[in-house]
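If you want the building blocks of each chain, they are given just below.
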Amino acid sequence: MEVPGRGPPGEAPWKKLSKEELENQYSPSRWVIRQGAEETLRTYSHIGDEATKKARATRRSLLHVPYGDGEGEKLDIYFPREVSAASRFCLFFHGGYWQSGSKDTSAFMVNPLTAQGVAVVVMAYDLAPKGTLDQMVDQVTRSIAFVQKQYPCNEGLYLCGHSAGAHLASMMFLTNWTKHGVTPNLKGFFLVSGIYDLEPIVYTTINAPLHMTLEDAQRNSPQLLLEAAVTQLSDPACHVLVTVGQHDSPEFHRQSREFYQTLRRGGWNASFEEIHDVDHFEIIWNLTQKDFVLTQMILRTILHEH
Ligand SMILES: Nc1ccccc1C(=O)C[C@H](N)C(=O)O
């Protein structure tokens, strides 16, 4: 598919990029500074793997819990040492452009959060080409409804997503929960190096397994949907943190900033943080560390908002 031609002023800035530059902007591993692209991707899965093994060895957990009937509809729950019936949960949605990644290598934040009394849920969704964007969004919705139904006395559900997972989490701003028979007790969103407008993705090689049409992309773009929303459903009690890594590409910076601005205009209690000296991958693998600035922001939000 060709990138649509240069448009009038005020049109999306990515439309002025060549096909090669668009591909470049949406290839996070090309922007890392401390290692090569391949090595970074290997380190990312290695750290995720090790963090998950450690979490499963040192924390009480419920693994591979079905939240739906589909084969891939499973989630892992990691508990803090003192389990109270009314607890705070952080639900993590992994990245990988909706086509890679796994809950079984994504327990990055589990140890530092459970050490502070926060339960962590890491969910799986059907990756492309098996899953479509619409199906993934529906799976994320159902996984959240499932957690709310299992733990109706929870003191707050917080959604954290990285990259494509931040996209999936941010679609929850648009969810109508009535057909799910439950309203989740959503108290916060941590959106990390996310994508909120999927339209440019349609014109990159990322779309090969996704098979998104322009309509699919628009229907699944929280940036467009929130801009167009007539009735604002913002919840002042819910805090939204939009973050991007200093070494994320300019397009990732633009997407995060614009989404943050749209949330603010819609009345959301949102803040924006560029995380110093980290790339697209370090920003998430550093969540294994309790003193990483983003781990601290997440913990502060969860622990002090009550
Ligand atoms: N966003 C991610 C999150 C997690 C794991 C991979 C990615 C990637 O983007 C991989 C892409 N193929 C890259 O090399 O840049």
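Below is a short write-up of the structure. (Residues numbered from 1 in each chain as written. Predicted model: local features only at pLDDT ≥ 70, side-chain atom pairs only at ≥ 80, totals over all residues.)

### Regarding the overall build of the protein
Item 1. Regarding its fold elements, the protein presents eleven helices and eight strands.
Item 2. Compactness check: the protein gives a C-alpha radius of gyration of 18 Å against a globular reference of 19 Å for 306 residues, within 12% of the reference.
Item 3. In terms of its C-alpha atoms, the protein occupies a principal-axis envelope of roughly 55 × 45 × 35 Å.
Item 4. Counting every position in the protein, which comprises 306 residues, the buried fraction comes to 47%.
Item 5. If you take every contact in the protein between residues at least 6 apart in sequence, the share linking residues at least 24 apart comes to 74%. (Helix = DSSP H or I, 4+ residues; strand = E, 2+ residues; numbered from the N terminus. Rg over C-alpha atoms; globule rule 2.2 N^0.38 Å. Buried ≥ 20, exposed ≤ 12 C-beta atoms within 10 Å, placed from the backbone. Contact = placed C-beta atoms within 7 Å.)

### Considerations on the sheet that holds strand β6 (residues 186-192)
Item 1. Strand order across the open sheet formed by eight strands is β1-β2-β4-β3-β5-β6-β7-β8, with mixed pairing between neighbours. At either end of the open sheet lies a strand with only one pairing partner, and these are β1 (61-66) and β8 (269-275). Between one strand and the next, the sheet's axes are offset by a mean angle of 20°, whatever the strand orientation.
Item 2. Judged from the four bridges that link them, β1 and strand β2 (residues 74-78) form a sheet pairing that is antiparallel. Residue pairing across strands places Ser61 opposite Tyr78, the latter belonging to β2.
Item 3. The sheet contacts of helix α4 (residues 133-150) involve β2, β3 (88-93), β4 (118-123) and β5 (156-162), and relative to β3 the element is tilted by about 165°.
Item 4. In the packing of helix α9 (residues 250-265) onto the sheet, contacts are made with β7 (239-245) and β8, and the angle to β7 comes to roughly 165°. (Pairing = 2+ DSSP bridges. Axes fitted to C-alpha atoms, helices over the stretch in contact; angles between N-to-C directions.)

### Concerning helix α2 (residues 37-58)
Item 1. An ideal rise of 1.5 Å per residue puts 32 Å on 22 residues; α2 measures up with 32 Å between its terminal C-alpha atoms.
Item 2. Among the residues of α2, Thr40, Tyr44, Gly48, Ala51, Thr52 and Ala55 are the ones counted as buried. The arc that holds every buried residue of α2, seen down its axis, measures 105°, which confines them to one face. Pointing more than 90 degrees away from the buried face of α2 are the exposed residues Glu38, Glu39, Arg42, His46 and Ala57.
Item 3. In this fold, the buried residues of α2 make contact with β2, α3 (110-114) and α10 (282-285). (Expected span 1.5 Å × (residues − 1). Arc of directions from axis to C-beta.)

### Some points on the site of the ligand
Item 1. The ligand sits among 13 residues. The nearest are Ser27, Pro28, Ser29, Gly95 and Ser163.
Item 2. Residues belonging to the shell around the ligand are distributed by class as follows: five nonpolar, eight polar and no charged. (Near = placed C-beta within 6 Å. Nonpolar A, V, L, I, M, F, W, Y, C, P; charged D, E, K, R; others polar.)

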